[in-house]
Amino acid sequence: MKYKFIERDKLKEKPQGELGFGKYYTDYMFEMTYTEDEGWHDKKIRPYGPIEVDPSVMVLHYAQETFEGLKAYKNDGKVYLFRPEMNAKRFQSSNERMCMPKIDTEEFINIIEELVNLERDWIPDSEGASLYIRPFMFASEKNIGVKVANKYTFLVSLSPVGQYYKEGINPVKIYVEDKYIRAAQGGTGFVKCGGNYAASLIAQQRAEEMGYTQVLWLDGKERKYVEEVGSMNAMFLIDDTIYTAPIDGTVLPGVTRDSVIKLLDEFDVKLKEEHFTIDFLIDMIEEGRLKEAFGTGTAAVISPIGELGYKGNSYIINEFKTGDLTKKLYDRLTGIQYGRLEDKYGWRREVKNDHC
Ligand SMILES: *Cc1c(COP(=O)(O)O)cnc(C)c1O
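**Digging into the site of the ligand**
Phase 1: Taken together, 15 residues sit near the ligand, with Lys 192, Tyr 197, Glu 228, Thr 256 and Thr 298 positioned nearest.
Phase 2: Between the ligand and Lys 192, the relevant distance is 2.7 Å, taken from an oxygen atom to a side-chain nitrogen or oxygen of the residue.
Phase 3: When the ligand sits alone it has 380 Å² of accessible area, and the protein chains cover 96% of it.
Phase 4: A molecule is said to occupy a pocket when more than half its atoms come within 2 Å of that pocket's grid points, and by this definition the ligand occupies the largest pocket.

Structural data, given as structure tokens:
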């Protein structure tokens, strides 16, 4: 193996029954450290477990932190990643915005492949299950002055996860948030950083109290334009066209979003990647022209939206049923991810058994 390997005394028991999401972690994780003098160094695969940090590490005070999320899929003993170079590039753009050091695409993918290959036995192969991969970086310099840190830690942990929704895909209720905002032009909306989520929790909590699953964010300036759902990009089928917010600073550039857009052609569906207002969307529901709505993201893949709550009213979409296009996109995408369908875009990357 390319990295230093610190072995566990005893391997963990593999979980039995429901895996849930983020409940279990594998035996090992990857760790490396960055300093200005040495660059990335002390690269190792070590037992998964607590890490020791000084109370004054900067991330705990000023939230200089970024993360990624992708999955490894197992089918017939073969293991695949899905477009990991997209995650590598997005991680670079997140780190650039947060004044954090770069990890090259090749190294990012290599680290993940070495770790996933080592933990192959942890990858569940039941329907819809996978291994969730969480790379993340944080400022680990001990200093409570506000400045760019000079030391960082990068970790990758692995968590076997079950199908996101137990009964397959089911519509969810979404609350249109018109008080709090997630992102504004010039901010960090396009970045996967913990701080975005910390600031969004209050809206998420309020939505849950009202019986909704997640919120639909509107733009930060006018609370007028539709942006995205909590941890997913949002798509709306109006007549024969998918409407989705453009990637221009405030919306997270999702890998699933990009993949769905590329698949639309195959289903003869047009695309409008433009700003559109919540009022337009409500009009389209009332005129019966909004046929389907769904969120896209690595965790749930495609999540149909069955209801929108906005300013005290509730709007049902497609009789709260999963739409045809939604279902077809889900089947096509998961088919490619698990190696069941032809991969004509070259999205799949097999993690070979002889990698080490
Ligand atoms: C990660 C994320 C998404 C989805 O991105 P994928 O690459 O498709 O998983 C969408 N919105 C936000 C805010 C996210 O953090």
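**Section: helix H6 (residues 278–286)**
Structurally, the α-helix is built with 3.6 residues per turn, so residues lying three or four positions apart point the same way.
Phase 1: All buried positions along H6 are accounted for by Ile 278, Leu 281, Ile 282, Met 284 and Ile 285. An end-on view of H6 places all buried positions within 160 degrees of arc, on one side of the element.
Phase 2: In the stretch just after H6, Gly 288 is the one whose phi turns positive, near 75 degrees.

**Notes on the layout of surface pockets**
Gaps left between atoms show up when a probe the size of a water molecule is rolled over them.
Phase 1: Size it by volume and the largest pocket reaches roughly 660 Å³.
Phase 2: In this structure, the largest pocket is lined by 35 residues; those nearest its centre are Tyr 132, Arg 134, Tyr 197, Ser 231 and Ala 299.
Phase 3: At the level of elements, strand E7 (130–139), strand E8 (151–161), helix H4 (194–209), strand E12 (232–238), helix H5 (255–264) and strand E15 (290–297) are the ones that each hand at least two residues to the lining of the largest pocket.
Phase 4: Looking at the lining of the largest pocket, its residues break down into 14 nonpolar, 16 polar and five charged.
Phase 5: In this structure, the lining of the largest pocket is formed jointly by two domains, domain 1 (4–161) and domain 2 (172–337), each of which donates at least three residues.

**Remarks on the packing of helix H2 (residues 84–97) against helix H3 (residues 105–118)**
Phase 1: Packing of H2 against H3 brings their axes to within 9 Å, and their N-to-C directions diverge by 125 degrees. In this view, H2 runs oblique relative to H3, as classed from their interaxial angle. Judged by the twist between their axes, the crossing of H2 over H3 is right-handed. Of the residues in H3, those touching H2 at Pro 84, Glu 85, Asn 87, Ala 88, Lys 89, Phe 91 and Gln 92 are Thr 105, Phe 108 and Ile 109.

Calculation criteria
Residues numbered from 1 in each chain as written. Predicted model: local features only at pLDDT ≥ 70, side-chain atom pairs only at ≥ 80, totals over all residues. Heavy atoms only, no water. Near = heavy atom within 4 Å. Polar contact = N/O pair within 3.5 Å; in protein donor to acceptor, adjacent residues only side chain to side chain. Areas by Shrake-Rupley, 256 points an atom, 1.4 Å probe, with all protein chains shown as cover. 1 Å grid on protein atoms, 1.4 Å probe; cavity = no way out; pocket = protein on both sides within 12 Å on 5 of 7 lines; lining within 4 Å. Sits in = over half its atoms within 2 Å of the grid points. Buried < 20%, exposed > 50% of the residue type's maximum accessible area, 1.4 Å probe, protein only. Helix = DSSP H or I, 4+ residues; strand = E, 2+ residues; numbered from the N terminus. Arc of directions from axis to C-beta. Points joined across faces, edges and corners; volume = space filled by probe spheres on them. Nonpolar A, V, L, I, M, F, W, Y, C, P; charged D, E, K, R; others polar. Domains from an automatic or database assignment. Axes fitted to C-alpha atoms, helices over the stretch in contact; angles between N-to-C directions. Parallel < 35°, antiparallel > 145°, perpendicular 65-115°, else oblique. Left-handed = near helix turned anticlockwise from the far one by under 90°. Contact = heavy atoms within 4.5 Å.

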